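Observations on chain architecture
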Amino acid sequence: MEATNPPIDKALIDRLIRQIKEAIPGDPSRELVSAGLVTIEEASKFLGISRSKIYEMMADGLIKFVKLGRSRRIPQNELIRVASEGLVGGA
């Protein structure tokens, strides 16, 4: 049985793109957070992968994240970076 990916949330993608365009240049850590933070669940839906895979990528250093108490949040532009690194092919 083939697993299906959760549907992509167009509103989330639009919000990510808008906030990344508005990101404030300067300190790289400020830039990461200025675009806003998303939950692990939102990141999972955006990238179309499981929550456990998100946690695995965070543990391996492939996805930067912010730790707030016991919670973890991922900067939205970090998701765009991860997704764009996976692009294959050309025009």
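Shown above is the structure to which this text applies.
Bear in mind the structure is a predicted one, so any value in this text is a computation, not a measurement.

What counts and what doesn't
Residues numbered from 1 in each chain as written. Predicted model: local features only at pLDDT ≥ 70, side-chain atom pairs only at ≥ 80, totals over all residues. Heavy atoms only, no water. Pairing = 2+ DSSP bridges. Helix = DSSP H or I, 4+ residues; strand = E, 2+ residues; numbered from the N terminus. Contact = heavy atoms within 4.5 Å. Axes fitted to C-alpha atoms, helices over the stretch in contact; angles between N-to-C directions. Core = buried A, V, L, I, M, F, W, Y, C linked by side-chain atoms within 4.5 Å. Buried < 20%, exposed > 50% of the residue type's maximum accessible area, 1.4 Å probe, protein only. Parallel < 35°, antiparallel > 145°, perpendicular 65-115°, else oblique. Arc of directions from axis to C-beta. Salt bridge = Lys/Arg side-chain N within 4 Å of Asp/Glu carboxyl O.

**Considering the sheet that holds strand β1 (residues 37–38)**
The antiparallel open sheet is built from three strands, whose spatial order is β1-β3-β2. Sheet topology places β1 and β2 (66–68) at the edges, where each strand pairs with a single neighbour. The pairing of β1 with strand β3 (residues 71–75) spans two bridges and is classified as antiparallel. Following the sheet pairing, V38 is matched in β3 by I74. Across the sheet, helix α5 (residues 76–85) lies against β1 and β3, angled at about 60° from β3, the strand it touches most.

**Details of the nonpolar core**
Formed by 13 residues in total, the largest nonpolar core has its most connected members in V38, A43, I54, M58, I63, I74 and L79. Among the secondary structure elements, those contributing two or more residues to this core are α1 (10–21), α3 (40–47), α4 (51–59) and α5.

**Here's the deal with the packing of α3 against α4**
Relative to each other, α3 and α4 sit at 100°, their axes nearing to 9 Å. Relative to α4, the element α3 is oriented roughly perpendicular. Note on element contacts: α4 touches α3 through R51, I54, Y55 and M58, opposite I40, E41, A43, S44 and L47.

**Here's the deal with α3**
Residue pairs three or four apart in sequence face the same way in an α-helix, which turns once every 3.6 residues. Within the span of α3, buried status applies to I40, A43, S44 and F46. Along the axis of α3, the buried positions cluster into a sector of 165°, meaning they face one direction only. Positioned one or two residues after α3, G48 has a phi angle of 70°, which is positive.

**Things to note about the pattern of salt bridges**
Taken as a whole, this structure holds four salt bridges when the rule is applied. Residue E41 is joined to R51 by a salt bridge in which the shortest nitrogen-to-oxygen separation is 3.5 Å. Here E41, found in helix α3, pairs with R51, found in helix α4; they are ten residues apart in sequence, far enough to count as distant. Residue E41 is classed as partly exposed on the basis of its relative accessible area of 37%. For the salt bridge of E56 with K53, the shortest nitrogen-to-oxygen distance reads 3.2 Å. Of this pair, E56 and K53 both sit in helix α4, three residues apart, which is roughly one turn of that helix. Classification of K53 as partly exposed rests on a relative accessible area of 35%. Here the salt bridges do not stand alone but share partners, grouping E78, R81 and E85 into one network.

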